[in-house]
Each structure stands twice: as C-alpha cells, then as structure tokens.
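Inside the fold
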Amino acid sequence: MTSPTKDPTMQINPLAFDAGEYAARKERLLGALAEQRLDALLVFQQESLYYLYGYDQIGYWVYQTAIVPADGSDPTVLCRNADEHLVRDTPHLQDVRTWLDDSPRDPGTITVEILRERGLLRAGARIGVERRTYSLMPYWYDMLTAAMPDGVELVDASDLVSALRQIKSPAELELMRRAGAIMDAGFEAAFDAIAVGAREHDLHAAAAAAMYRAGGEAAAVAPPIASGHRTLSQTHVGPSDRVLRDGDPITIELGGVHRRYHAVGAHSCVVGEPTAAMCRLHDGIVSALTGAFGLIEPGRPTSEVAARVQEGLEAAGLDRRGRHVGYGTGIGYPPSWLEPLRLKGSDGHALEAGMTFFYFVGVTDRENGFCFYVGEPVAVTETGAERLSRLPMELVRR
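What you see is a predicted model, and the numbers here were worked out from it, not measured in a lab.

**Digging into the nonpolar core**
One finds Leu29, Leu33, Leu41, Val68, Leu160 and Tyr261 to be the most contacted residues of the largest nonpolar core, which totals 37 residues. When residues of this core are traced back to their parent elements, those giving at least two are helix 1 (19-35), strand 1 (40-43), helix 2 (46-53), strand 2 (65-69), strand 3 (76-80), helix 6 (160-166), helix 7 (170-193) and strand 10 (326-333). In contact with leucine 160, not counting residues within four places along its chain, are Leu29, Ala32, Leu33, Gln36, Leu38 and Leu41.

Dropping the structure here:
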C-alpha cells in the first residue's frame, strides 16, 4: 500500500486513522480474499471504500469501484471524472482511471478492460463483487456482467468487508465513544425543546444544533421523531410540523456521528403527565432490556440475547417475537447507518469484543394508539458490555 506522503492539513478529507490502522485492514482483507479463494474484489460500497482507504464522498450513486487484487498489489480505482481529485486526495489510492458522462465506453466495460490489463481475467478466475449495496444499481451491474468474458465467475462478496467492519479496533471504539457523547448532547437538547406548542421540527432543530456544536456531523438517517398518533410509525418517519399537545407521547431516535461512525439511541417522552398505560409499557421495555444486558459478552450467540429480551417482554405482557432487538452500527452513509449484525432469533453471529450495536426495543400499544421505543448504543468488551451513552433509560417528562 502506498504510504501517505501528503501534508494532511492540505487534504480535502483528512484521514481518521494513522497508516498502521489502514495497513492492518489491508492484511485482514487479503486474508479474507485468500480464504474465499477470490482473485480480486470489486469494492462498490461507500462504507467499504471509507473503511479500507479513507475515501469519503457523497456522490456514490454513480458507478465507482476499487479493483483490489488478491496478490496484495495496489488497487485500481475507476470513478467518474468529477471525482478523480477526491480519490487522489486519499493517499492509499493513486492508480485512478475515470469515465465521462459522454464516454463511448460504459464503466462496466472499462472495469473489465482494467481487470484484463491487471491480468485478473484468466480462465476460471473468481472475482468478488459487493452486490448488496445502494452504490451498485442493477443498471450498472448489468453493464458489468454484459462486458465480462466467459469463463470468469462473478462471486457475491457483499459480506466480505462488512464482516471485517463488525469488529472495531481500539481507535474505532474511541470514535464510537465520541459519537455516543455527541448523541447524548442531541437528546438533551431535544428533551429541553419539548413543550406544548412546539413542533416536531423544533425538536429536530434543537438536537441537530447541539450535535453539531458537540463536534458531530450529518447522520446517515434523518432522525426519526414522532409525536401523538405518529409514534405508530415505529421510528420510520422523520419529524413533521405537527404541534405538540399536552399528554402527547413522543419517540426520538438519534444517531450521533463522528468521522462517519454512528452511535444510535432511542428515547420515549411525554408532554406533561404520562398515562398508566404509558408507564406500564415503558417500564416493561426497560425491564426487558436491562434484564438481558448481562448476557452481552464475547462468545454469546446474539440469538440468546434476543430470546432473553423476549422473555422479559412476555413477563410484562408485551411481545416483539420475530423482530430484532438490536443491529450493528459503525460507518454509515445515507440512506442507512446499519451494519449486517442483528440481535434476533435467526441470526447466526456470536458476539465478539469490538462489536458495536444499537440495543433497543419498540412496542406498540394499539388499544391506546401509541408506540414507545427505548435503546442505546453498546460496545462488546473483553469481559462484557460498555454503554456508549450516559443517559438513563427513563420515561422523559416535560
């Protein structure tokens, strides 16, 4: 890998880590390529490009790929001409080819030409492709497959880099802790903005301003904030102009972000005094989460944690069967801050030190027409779990 030689103060996007961190990631990547018997990997996912090389940009909806040979030689990047300078700004990516909007050859054809130039299209070659990503539309993938010669196997390698990203290094964990502190600042500001007559947008504005002041960045997901009947969306809508009323339930989910690393949490609130139904639901959720927290440790199957949470919910007369109670977070780009890790009954992962995830429960009270969510960011340590938030899991009343 090319050693960084540029003055970091002159970079458009200064790297988040030192050269040793990226070198270690390269070695892990080459090991994974060897294990899966791949001759090369076509990296399309923007999260992967940032993880491996520190390449950071927002135009990843167009075709761009890093061609990574399994022999350890330097990658070749194909990007749109407008992004060439951004790629070269990254010290670890110096072999850059471009395509133009009016190019007579489509980027899929150019990719195949580069693979041939690099000697990677021998008969029987296995080329990994990150297919499960928003960065590779079917339109672009069809171009690539149409240009690929017979005798070359394209292998779905969507999970290869994603699996490496699940285990955070000590340096990454420090960024996750910083993201957690930024998230807390956003929640506290949003709580303070709750009042009869305030809009959901006012809560969003307060949270966003506080997180930016605390050193945060734009999150990969617009913060789900809902009040009243809108809480039935189960954190899948953004804030609106709805005006808060006395007695309204509110759900707020925020992602604190630092150097693209996301710590995600959720809290439920009430304008004024909560009803007995609200208290029962919130207490049941918190009891289930805290009752299973002690199971979060290295070697523990994620399915066991999920099962214990469900047992706690059932003891409180609640139910979340068939749904996850946590998902991995780390590097995120719109439209998602999720990693593949899931805490659910059918997930095959076992927890490992360095994993980070959003640990949560959401339950709907259909009879009374509202939904509550509670959760926090968690890191798995060598001996158990570390909360990445200092805020208590309590029903916020304003």
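**Considerations on empty space enclosed by the protein**
Taken as a whole and assessed by the stated rule, the structure comprises 2 cavities of 30 Å³ or more. By volume, the second largest cavity is sized at about 40 Å³. Surrounding the second largest cavity, Gln45, Glu47, Tyr60, Thr133, Tyr134, Ser135, Tyr333, Pro334, Pro335 and Ser336 form its lining. Here the residues of the lining of the second largest cavity are counted per class, giving 5 nonpolar, 4 polar and 1 charged.

**As for the packing of aromatic side chains**
Any two aromatic rings considered together are summarised by their centre-to-centre distance and by the angle between their planes. Under the definition given, this model contains 16 aromatic pairs. A ring pair is formed by phenylalanine 17 and tyrosine 22, whose centres lie 6.1 Å apart and whose planes are at 70 degrees; its orientation type is edge-to-face. Residue class for phenylalanine 17 comes out buried when judged on its relative accessible area of 10%. Among the aromatic residues, those joined into a ring-pair cluster are Phe44, Tyr63, Trp99, Tyr139 and Trp140. Positioned over the ring face of tyrosine 22 is arginine 25, at 5.4 Å from the centre of the ring.

**Focus on the pattern of salt bridges**
Throughout the structure, instances matching the rule amount to 27 salt bridges. Put simply, aspartate 95 and arginine 97 hold a salt bridge, and the shortest N to O gap is 2.9 Å. The exposure class assigned to arginine 97 is partly exposed, which follows from its relative accessible area of 23%. A salt bridge links arginine 165 to glutamate 339; the shortest N-O distance between them is 3.5 Å. Taken as a pair, arginine 165 in helix 6 and glutamate 339 in strand 11 (residues 336-342) lie far apart in primary sequence, 174 residues in all.

**Details of the packing of helix 1 against helix 2**
In the contact formed by helix 1 and helix 2, the axes pass within 8 Å of each other and the chain directions differ by 120 degrees. By the angle class used here, helix 1 and helix 2 are oblique. For the pair formed by helix 1 and helix 2, the contact residues are Tyr22, Arg25, Arg28 and Leu29 on the first element and Tyr50, Tyr51, Leu52 and Tyr53 on the second. Of the residues in the contact of helix 1 with helix 2, the class split is 6 nonpolar, no polar and 2 charged.

**So, the pairing of strand 13 (residues 370-380)**
Judged by how many residues are buried, strand 13 sits mostly within the fold: 11 of 11 residues are covered. Residues of strand 13 alternate between two faces, with Phe370, Phe372, Val374, Glu376, Val378 and Val380 on one and Cys371, Tyr373, Gly375, Pro377 and Ala379 on the opposite face, all of them buried. Pairing between strand 12 (residues 356-365) and strand 13: 10 bridges, direction antiparallel. Paired with phenylalanine 358 across the bridge in strand 13 is proline 377. Linking two consecutive strands that pair antiparallel, namely strand 12 and strand 13, is a turn of 4 residues; a positive phi of about 75 degrees is found at glycine 369 within it. As paired elements, strand 13 and strand 14 (residues 385-387) share 3 bridges and run antiparallel to each other. Bridging across to strand 14, valine 380 finds its partner in alanine 385. Hairpin remark: strand 13 followed by strand 14, antiparallel, with 4 residues in the connecting loop.

**Examining the sheet that holds strand 2**
Within a beta sheet, neighbouring strands are joined by backbone hydrogen bonds and run either parallel or antiparallel to one another. Sheet architecture is open: 6 strands sit in the order 4-3-2-1-5-6, paired in mixed fashion. Because the sheet does not close on itself, it has two edges, and the strands there are strand 4 (95-99) and strand 6 (153-156). Pairs of neighbouring strands in the sheet enclose a mean axial angle of 25 degrees, with direction left out of account. Along the sheet face, helix 1 touches strand 1 and strand 2 and points at about 70 degrees away from the line of strand 2.

Scoring rules and cut-offs
Residues numbered from 1 in each chain as written. Predicted model: local features only at pLDDT ≥ 70, side-chain atom pairs only at ≥ 80, totals over all residues. Heavy atoms only, no water. Core = buried A, V, L, I, M, F, W, Y, C linked by side-chain atoms within 4.5 Å. Buried < 20%, exposed > 50% of the residue type's maximum accessible area, 1.4 Å probe, protein only. Helix = DSSP H or I, 4+ residues; strand = E, 2+ residues; numbered from the N terminus. Contact = heavy atoms within 4.5 Å. 1 Å grid on protein atoms, 1.4 Å probe; cavity = no way out; pocket = protein on both sides within 12 Å on 5 of 7 lines; lining within 4 Å. Points joined across faces, edges and corners; volume = space filled by probe spheres on them. Nonpolar A, V, L, I, M, F, W, Y, C, P; charged D, E, K, R; others polar. Phe/Tyr/Trp six-rings, centres within 6.5 Å; stacked < 30°, edge-to-face > 60°. Lys NZ or Arg CZ within 6 Å of the ring centre and 35° of its normal. Salt bridge = Lys/Arg side-chain N within 4 Å of Asp/Glu carboxyl O. Axes fitted to C-alpha atoms, helices over the stretch in contact; angles between N-to-C directions. Parallel < 35°, antiparallel > 145°, perpendicular 65-115°, else oblique. Pairing = 2+ DSSP bridges.

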